[in-house]
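This is what each chain is made of:
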Amino acid sequence: MTESPQSFSKALREADAELRAIGVPSASAARIRRRLAARTSKRSRQSSRLMWCGLAVFAAAMVLLFASNTPKRKRAAVAPPLVAGFHIETGNLAFVYSTIPNHLMLDRGPFEAVHEQLGVRISGNGPVSIHAVAHGLVLLDGTAQIRVMRRNPTQPRLLIETSYGRVETRGTVLTLSQTRAGGHLTVSEGSLRFIVPGAQTRLVVPGDTIEWP
Amino acid sequence: MDVTIQSSMEEPATEPSFEACYDAHHAKIFHLGLRYGGGNSAWAEDLTHDVFLTFVEKKHELHTLDDVGAWLYRVASNLAISRLRREGSFWRRLTLARFAEVEATGASAASLLEDQESASNAMAALRKLPPKEQIVLSMKILDEKSQKDIAASLSMSEGYVSKLIRRGLERLSSQGWEASL
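Basis of the calculations
- Residues numbered from 1 in each chain as written.
- Chains lettered and ligands numbered in written order.
- Predicted model: local features only at pLDDT ≥ 70, side-chain atom pairs only at ≥ 80, totals over all residues.
- Heavy atoms only, no water.
- Patch = residues over 30% accessible without salt bridge, like charges linked within 9 Å, V, L, I, M, F, W, Y side chains within 5 Å.
- Areas by Shrake-Rupley, 256 points an atom, 1.4 Å probe, with all protein chains shown as cover.
- Salt bridge = Lys/Arg side-chain N within 4 Å of Asp/Glu carboxyl O.
- Lys, Arg positive; Asp, Glu negative; His and termini not counted.
- Charge placed at Lys NZ, Arg CZ, Asp CG, Glu CD.
- Helix = DSSP H or I, 4+ residues; strand = E, 2+ residues; numbered from the N terminus.
- Axes fitted to C-alpha atoms, helices over the stretch in contact; angles between N-to-C directions.
- Parallel < 35°, antiparallel > 145°, perpendicular 65-115°, else oblique.
- Left-handed = near helix turned anticlockwise from the far one by under 90°.
- Contact = heavy atoms within 4.5 Å.
- Nonpolar A, V, L, I, M, F, W, Y, C, P; charged D, E, K, R; others polar.
- Buried < 20%, exposed > 50% of the residue type's maximum accessible area, 1.4 Å probe, protein only.
- Core = buried A, V, L, I, M, F, W, Y, C linked by side-chain atoms within 4.5 Å.

Enquirer: Tell me about a positive patch on the surface, and name the residues and values.
Expert: On the surface, Arg-39, Lys-42, Arg-45 and Arg-49 of chain A cluster together into a positively charged patch. When you line up the elements, Arg-45 of chain A lands in helix H2 (residues 26-69).

Enquirer: An account of the packing of helix H1 (residues 18-36) of chain B against helix H3 (residues 68-88) of chain B is requested, with residue identities and associated values reported.
Expert: Each pair of packed helices can be described by the angle between their axes along with the distance between the axes. Residues and elements named next belong to chain B. Where H1 meets H3, the axes come as close as 10 Å, and the angle between the chain directions of the two elements is 30°. Taken together, the axes of H1 and H3 lie roughly parallel to each other. You can see that H1 and H3 cross each other, and the crossing is right-handed. Residues Cys-21, His-25, Ile-29, Leu-32 and Tyr-36 of H1 lie in contact with H3, whose contacting residues are Val-68, Gly-69, Leu-72, Tyr-73, Ala-76, Ser-77, Ala-80 and Leu-84. Its residues placed into classes, the contact of H1 with H3 shows 10 nonpolar, 3 polar and no charged.

Enquirer: Describe unusual backbone geometry, listing the residues and the values that go with them.
Expert: Residues and elements named next belong to chain B. If you check the backbone angles, Glu-144 has positive phi at about 50° while not being a glycine. Structurally, Glu-144 is set in the loop between helix H7 (131-141) and helix H8 (147-154). Positive phi is not limited to glycine here, since Ser-155 has a value of about 55°. The topology assignment puts Ser-155 in the loop between H8 and helix H9 (158-174). Classification of Ser-155 by relative accessible area gives exposed; the value is 66%.

Enquirer: Run through the nonpolar core, naming residues and quoting values.
Expert: Membership of the largest hydrophobic core comes to 55 residues, with the highest contact counts inside it found for Phe-8 of chain A together with Leu-72 and Leu-172 of chain B. Broken down by element, the residue count for this core peaks at 9 residues, all from H3 of chain B. The contact partners of Leu-72 of chain B, leaving out residues within four places of it in the chain, are Cys-21, His-25, Ile-29, Val-51, Phe-52 and Phe-55 of chain B. Counting residues in hydrophobic clusters, the runner-up holds 33 residues, among them Leu-104, Leu-174, Phe-194 and Ile-210 of chain A.

See the structure below:
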């Protein structure tokens, strides 16, 4: 540096004035312009690419949304298997069999079987042996809940044979149990007539239970 | 000596146009680049490019701005600090030395100011200061900005600006300059 200290501020101002006097060389100005133009066009290309990507993603999302909302084809209703005139709606078919016509044997529950001609729905949990006849059922063994669809007065009553007597009804829900030793029935809904040969016919209403022998 | 950039654009409600802004301010920004880059025109080109690229990116946010020139000045100062700091890093110095740019940068101020030895020495002394001190002292001495304005432009506290000025002057004094404001 110099022997006597120089004023830094003054020298720096002189230098700055010289730099300002230089201005912007035309070559520099052109280069800056060119670089800016290149960068801005690249950015606009990038933004346009981004816009198209966004549109593609949106379209894909809409297609997926539409596909997920399209109702699936309904599976064709499969009729429950028919065994001895009974449609087995619930139950393991491995334990359902019939050895003679109109005779249904259900070894293990739970099960639910419907006899459409008779208008009866039978359900239970244990082994049941039941036989369908012209105007009714014969419960040979087991415990089942029997729901008899309501019938018009012009239609014949449904008959359910037990070892002790006969049930006649136009619509009821009853639980019927039949074993070799005896049986019982309980009415849950509606009413029925219990006919014992050689004895007075009894009207059974909900809450009533009849046991035999 | 005053390099304060006054905006010629009075369109606070609309987005400033790039062309108008560039035409009005690019010479001043280039001058700032020469000043902070020690007279290196390539350095000034880079700074000008970066400043106007920032302007393009932020243009849609500037419609409420009253003084675009002041905004560009602030951006230029901050970008200059960033560039100077990057150049001061060990890796950057290695790269520059490899491509022999250090010599070119050092020679540029001397070649531009070859007739004025003291001015050239002052520019070289300024370049030896840390980046923040370079910029703060330039703003203080050359643009005659107040410490408050410098602090606002560089997002610093006034106390820190005062400290940078004091340290810069101390360094210059230690180099034999009469450093006072």
